[in-house]
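Here is how the chains run, residue by residue.
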Amino acid sequence: MTGNQPRTRISAWRPSVAGIAEVFHAHFADHAYPVHTHDTWDLMILDEGSVDFAVDRRRHGAAGAGTVILLPPGVPHDGKTVSPSGFRKRVLYLDTRVLPGRWTGAAVDRPVHGDGLLHHRIHQLHGVLAHPGDQFEAESRLALVRERLLFHLNASQVRTPERASGRTAAALRELLDSRIHAGVSLDEAAAILHAHPTHLIRCFKQSYGVPPHTYLTGRRIDRARRLLLAGRRPADVATAVGFYDQAHLNRHFTRHLSVTPARYAALHGRGASPERTASSADRPESAVGSR
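Cut-offs used in this document
- Residues numbered from 1 in each chain as written.
- Predicted model: local features only at pLDDT ≥ 70, side-chain atom pairs only at ≥ 80, totals over all residues.
- Heavy atoms only, no water.
- Phe/Tyr/Trp six-rings, centres within 6.5 Å; stacked < 30°, edge-to-face > 60°.
- Helix = DSSP H or I, 4+ residues; strand = E, 2+ residues; numbered from the N terminus.
- Pairing = 2+ DSSP bridges.
- 1 Å grid on protein atoms, 1.4 Å probe; cavity = no way out; pocket = protein on both sides within 12 Å on 5 of 7 lines; lining within 4 Å.
- Points joined across faces, edges and corners; volume = space filled by probe spheres on them.
- Nonpolar A, V, L, I, M, F, W, Y, C, P; charged D, E, K, R; others polar.

J.: Can you break down the packing of aromatic side chains residue by residue, with the values?
T.: In total, this model carries four aromatic pairs according to the counting rule given. On the basis of an interplanar angle of 55 degrees and a centroid distance of 4.8 Å, the ring pair of Phe204 and Tyr208 is categorised as tilted. With Phe204 and Tyr208 both in helix 6 (residues 197–208) and four residues apart, the pair spans about one turn of that helix. Taken together, the ring pairs in this structure connect Phe204, Tyr208 and Tyr215 into an aromatic cluster.

Next up, the structure:
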């Protein structure tokens, strides 16, 4: 690393997702945290490099992309770089609504997890949190992260979907259909339907093949298509169907159709299909199928 390159790169923000106090991304080339505590859970994924740290005066090491570290609230810990290249990490600070404090002891005993599925779920959640407006999807992905963490803490009490869970899935679908514009939080849906949030997600995906947030986005895209072809402006359509803003609509619309809402709206009155009209220049490399 040359002297002109920054030795520390940090970004941080507070998302509008219940249970997540802060999102923190950092690249440290040479850094040592003093001993400190948090009033939240520190859920970290290591993207590159290695780190040495102590939790409750017991030292641990972690290295390599794919490593997950969970540090409990109120327990002293430190951390430092190990190699000249430092390390890159992404952290979610979770409050006790996500993980109760009673699981502190289990987390202290085993703070490092080489769990590919857990890492993947956290990575997906970070991807969603980078964009405003996808709160329902973020809540769903956070519920799956929580489920996996509880598995490691030997505390999983989430029921798996039963054959009769189709009724629960149908009830959630009816609720989503009635809230296409306003949306609904995962906790609110769980309270209305008297079901655990993770149970709702699994029942819905088992019955309809997609998680509920993907279903809701698809319904909003369908409505947006009709309004665009009726001559409405993309900026007006975005808020009319429940997206956060036009950029939020653009991202999901392009992912679904490989064409921007403005380009799609230009088809109004032409009698042409977007497949015949959109050129390859209108299809960014980042446009991929809906996940």
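J.: Explain the pairing of strand 5 (residues 58–63) residue by residue, including any values.
T.: In this structure, strand 4 (residues 41–55) lies alongside strand 5, joined through six bridges in antiparallel fashion. By the bridge assignment for strand 5, Phe53 is matched with His60. The turn joining strand 4 and strand 5, which pair antiparallel and follow one another in sequence, is formed by two residues; a positive phi near 50 degrees is taken by Asp56.

J.: Run through the layout of surface pockets, naming residues and quoting values.
T.: Looking at the largest pocket, its volume works out to about 440 Å³. Lining the largest pocket are 27 residues; nearest its centre among them are Ser16, Gly133, Asp134, Gln135 and Phe136. For the lining of the largest pocket, the secondary structure elements donating two or more residues are helix 2 (116–129), helix 3 (135–152) and helix 7 (212–229). The greatest single-element share of the lining of the largest pocket, amounting to five residues, is contributed by helix 3. Of the volumes computed, that of the second largest pocket is approximately 360 Å³. What lines the second largest pocket is a set of 17 residues, among which His123, Gln124, Gly127, Val128 and Arg255 lie closest to the centre. Going through the elements one at a time, helix 2, helix 3 and helix 9 (246–257) are the ones with two or more residues in the lining of the second largest pocket. Here the element with the most residues in the lining of the second largest pocket is helix 2; it accounts for six residues. Here the lining of the second largest pocket is composed, by residue class, of two nonpolar, eight polar and seven charged.

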